[in-house]
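# Working through the structure, step by step
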Amino acid sequence: MTIAREGIREIAVATLVLWACGAIGGWLYWPLSIPFVAVWLFVVAFFRDPTRVGVYSPGELCSPADGTVTEITPLDSHEVIGGPATRIGIFLSLFNVHINRMPCGGTVRSTTYRKGEFLDARHPESGKRNEANTVVLDTHGELPGPVVVTQVAGLVARRIICHVQAGDSVTIGERFGLIKFGSRTELIVPRLEGTEIVVRLGDGVKAGLTVLVRQRVKPEATSPEGRAKTVPSDGKRVAKG
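Residues numbered from 1 in each chain as written. Predicted model: local features only at pLDDT ≥ 70, side-chain atom pairs only at ≥ 80, totals over all residues. Heavy atoms only, no water.

It is worth spelling out the pairing of strand β8 (residues 147-153) at this point. Taking burial as the measure, the seven residues of β8 include seven buried ones, the bulk of the element. Side chains of β8 alternate between two faces, with V147, V149, Q151 and A153 and V148, T150 and V152 buried alike. The pairing of strand β7 (residues 132-139) with β8 spans six bridges and is classified as antiparallel. By the bridge assignment, N133 is partnered in β8 with Q151. Inspection of the sheet shows β8 paired to strand β12 (residues 183-190) by six bridges, in the antiparallel sense. Across the sheet, A153 pairs through a bridge with S183, a residue of β12. (Buried < 20%, exposed > 50% of the residue type's maximum accessible area, 1.4 Å probe, protein only. Helix = DSSP H or I, 4+ residues; strand = E, 2+ residues; numbered from the N terminus. Pairing = 2+ DSSP bridges.)

Shown next, in the form of structure tokens:
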């Protein structure tokens, strides 16, 4: 199992503390060590970083996070999109993979961090009031844009990590960050003629694999076979600064 580099510190601390406590508990009475080992396994599993390879057709946007779709909201207007849009909210439980991935290829226009509260990520106001980081993508020419991805902290999550910055070129499915310990991720796309939301409330989704949206693209953007090439989404972006 591959471990995300963002979790190395937490895993190191958990190993020192929990294994020490487990050893003491086991010395006194061996069943006392079981809870400490279980918590250690949970911490390691939380930072798992599975390799994923997606296959996408032109116009498809993949999920930026693992979790459950808890919101699909049509917006009459969105200040970044510059017109009607659709917001899809994904809730990440403590047991989901927490690596965030790019929903499409493009160039990062901006990243904006916002301080805020730490409401439960399932709270309807969490997207507006919680601590968050927003990435705006200028999409490639064949895909309507811009596209907005927002990492939202939750009740337990206290740290948002984002490795991209303005001017970076990214590919669909590429890792770009992580939210530690429970969170919400939002995808906001232009709502145009031909926009198709292909998930429903309650659906389980996987970052870099599940298609959330299909947009109408220019005819020349479609390959003769009608399908884009397989895109490996296991490239690691090096944090800047």
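Now that the structure has been shown, we can carry on.
On to the nonpolar core, then. Counting residues in each nonpolar core, the largest one holds 24 residues, and the members touching the most others are L61, M102, V164, L187, L212 and V213. Going through the elements one at a time, β4 (83-92), β7, β8, β12 and β15 (211-214) are the ones with two or more residues in this core. With three residues, the single largest contributor to this core is β4. (Core = buried A, V, L, I, M, F, W, Y, C linked by side-chain atoms within 4.5 Å.)

The next subject is the side chain of N133. Position of N133 among the secondary structure elements: in strand β7. Dropping the residues within four chain positions of it, N133 is found in contact with T112, Y113, V149, T150, Q151, I160 and C162. (Contact = heavy atoms within 4.5 Å.)

If you walk across this open sheet you meet the eight strands as β10-β6-β7-β8-β12-β4-β3-β14, and the pairing is antiparallel. Two strands lie at the open edges of the sheet, namely β10 (169-170) and β14 (204-205), each paired on one side alone. In this structure, strand β6 (residues 106-114) lies alongside β10, joined through two bridges in antiparallel fashion. Within the sheet, the bridge partner assigned to G106 lies in β10 and is V170.

In space, the three strands of this open sheet follow the order β5-β11-β9, with antiparallel pairing throughout. Every interior strand has two partners, whereas the edge strands, β5 (99-101) and β9 (159-162), have only one. Averaged over neighbouring strand pairs, the angle between their axes works out to 20° when direction is ignored. By the bridge criterion, three bridges tie β5 to strand β11 (residues 175-180) in an arrangement that is antiparallel. The partner of I99 across the bridge, within β11, is L178. (Axes fitted to C-alpha atoms, helices over the stretch in contact; angles between N-to-C directions.)

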